[in-house]
Amino acid sequence: MADPNTIRTIVGIIGNVISFFLFLSPAPTFVKIVKSKSVMEFKPDPYVATVLNCAVWVFYGMPFVHPDSLLVITINGFGLALELFYVAIFFVYSDWAKRRKIIIALVIEAIFMAILIFVTLTFLHGTKSRSMLIGIVAIVFNVLMYTSPLTVMKKVITTKSVKYMPFFLSIANFANGIVWSCYALLKFDPYILIPNGLGTISGLVQLILYAAFYRTTNWNEDEKEVELSASKTNKSSDV
């Protein structure tokens, strides 16, 4: 019979692989943004929220906070770097109003992380108390990450179009939630289980919406918007 720790490690590696593709899944969206030189109707909310989520999980996985969590650090470290890259692209191709919101959000997140690290390392001694505090905070921000697509889901329902809800991101969220929930159950970790259980539900709802509104989506309209955005950009650059 396989050792539970070995099984957990294997599941964690699978979780890393799935999370890797989860972080890469928005790439087609950003290729579209770069080509059109416009963010169109895409929202930065999920990516800005994920930046803070990854930062908190990296800190949670540190040996002086929660030992034996190397797999948590590796994937969230990669995710943090990639999400910052996504946000940077969003920033470049947004108007000033959206840029200001992104700057404010990132500054608030940086201040929050600085305070969280200071409080944890200064006032809490021992990994148990540190794991509890950072674990609770991680749950909150993991929930924010998984619920951030709610604005997009609302748009899907009102427009009856899934054009701005990337399919691969939704399915990756669903698979990611399932695997990390299993990882948390093998060596019970409520701080990983709770948010990823909710993530599984969130991903499932997105997939249901995608199936429900796929046929009513006007995909050709997307190409027109890209051409229109590019045309506007070229005109403004000629001024």
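Residues numbered from 1 in each chain as written. Predicted model: local features only at pLDDT ≥ 70, side-chain atom pairs only at ≥ 80, totals over all residues. Heavy atoms only, no water.

- Per an unreviewed UniProt entry, the protein chain goes by Bidirectional sugar transporter SWEET and derives from Nicotiana attenuata.
- Its UniProt record, at the heading Function (unreviewed entry), says of the protein chain: "Mediates both low-affinity uptake and efflux of sugar across the membrane."
- UniProt annotates the protein chain under Sequence similarities (unreviewed entry) with the comment "Belongs to the SWEET sugar transporter family." (UniProt positions renumbered as here; feature names shortened; annotations may be inferred.)

### As for the packing of helix 8 (residues 167-186) against helix 9 (residues 190-213)
Now for step 1: The N-to-C vectors of helix 8 and helix 9 enclose an angle of 150 degrees; their axes lie 7 Å apart at closest approach. Considered as vectors, helix 8 and helix 9 are oriented roughly antiparallel to each other. You can see that helix 8 and helix 9 cross each other, and the crossing is left-handed.
Now for step 2: For the contact of helix 8 with helix 9, the per-class residue count stands at 13 nonpolar, 11 polar and no charged. (Axes fitted to C-alpha atoms, helices over the stretch in contact; angles between N-to-C directions. Helix = DSSP H or I, 4+ residues; strand = E, 2+ residues; numbered from the N terminus. Parallel < 35°, antiparallel > 145°, perpendicular 65-115°, else oblique. Left-handed = near helix turned anticlockwise from the far one by under 90°. Nonpolar A, V, L, I, M, F, W, Y, C, P; charged D, E, K, R; others polar.)

### Considerations on helix 5 (residues 96-123)
Now for step 1: A rise of 1.5 Å per residue sets the reference length of helix 5, with its 28 residues, at 40 Å; its end C-alpha atoms lie 40 Å apart and thus fit the reference within 8%.
Now for step 2: Looking only at helix 5, the buried set comprises Ile102, Glu109, Met113, Leu116 and Thr120. (Expected span 1.5 Å × (residues − 1). Buried < 20%, exposed > 50% of the residue type's maximum accessible area, 1.4 Å probe, protein only.)

### Observations regarding the environment of Glu83
Now for step 1: Mapping Glu83 onto the fold places it in helix 4 (residues 70-92).
Now for step 2: Considered as a pair, Glu83 and Tyr47 are 36 residues apart in the sequence and their alpha carbons are 5.9 Å apart.
Now for step 3: The contacts of Glu83, once residues within four sequence positions are left out, are Phe23, Tyr47, Thr50 and Val51. (Contact = heavy atoms within 4.5 Å.)

### A look at the UniProt feature "transmembrane region" (unreviewed entry) in the protein chain
Now for step 1: Those places that UniProt annotates as "transmembrane region" (unreviewed entry) correspond, in this numbering, to residues 6-25, 46-65, 71-93, 102-126, 132-152, 164-186 and 192-214.
Now for step 2: End C-alpha to end C-alpha, residues 71-93 measures 34 Å, and it is 96% helix and 0% strand.

### What to know about the nonpolar core
Now for step 1: Ranked by internal contacts, the top residues of the largest apolar core, which has 43 residues, are Phe30, Ile33, Tyr47, Val56, Phe90, Met113 and Ile134.
Now for step 2: Put simply, the parts of the chain that give this core at least two residues each are helix 1 (4-24), helix 2 (27-36), helix 3 (45-60), helix 4, helix 5, helix 6 (127-147), helix 8 and helix 9.
Now for step 3: It is helix 3 that provides the largest number of residues to this core, a total of 10 residues.
Now for step 4: Every residue in contact with Ile33, bar those within four places of it in the chain, is listed here: Ser38, Val39, Phe42, Ile89, Phe90 and Tyr93. (Core = buried A, V, L, I, M, F, W, Y, C linked by side-chain atoms within 4.5 Å.)

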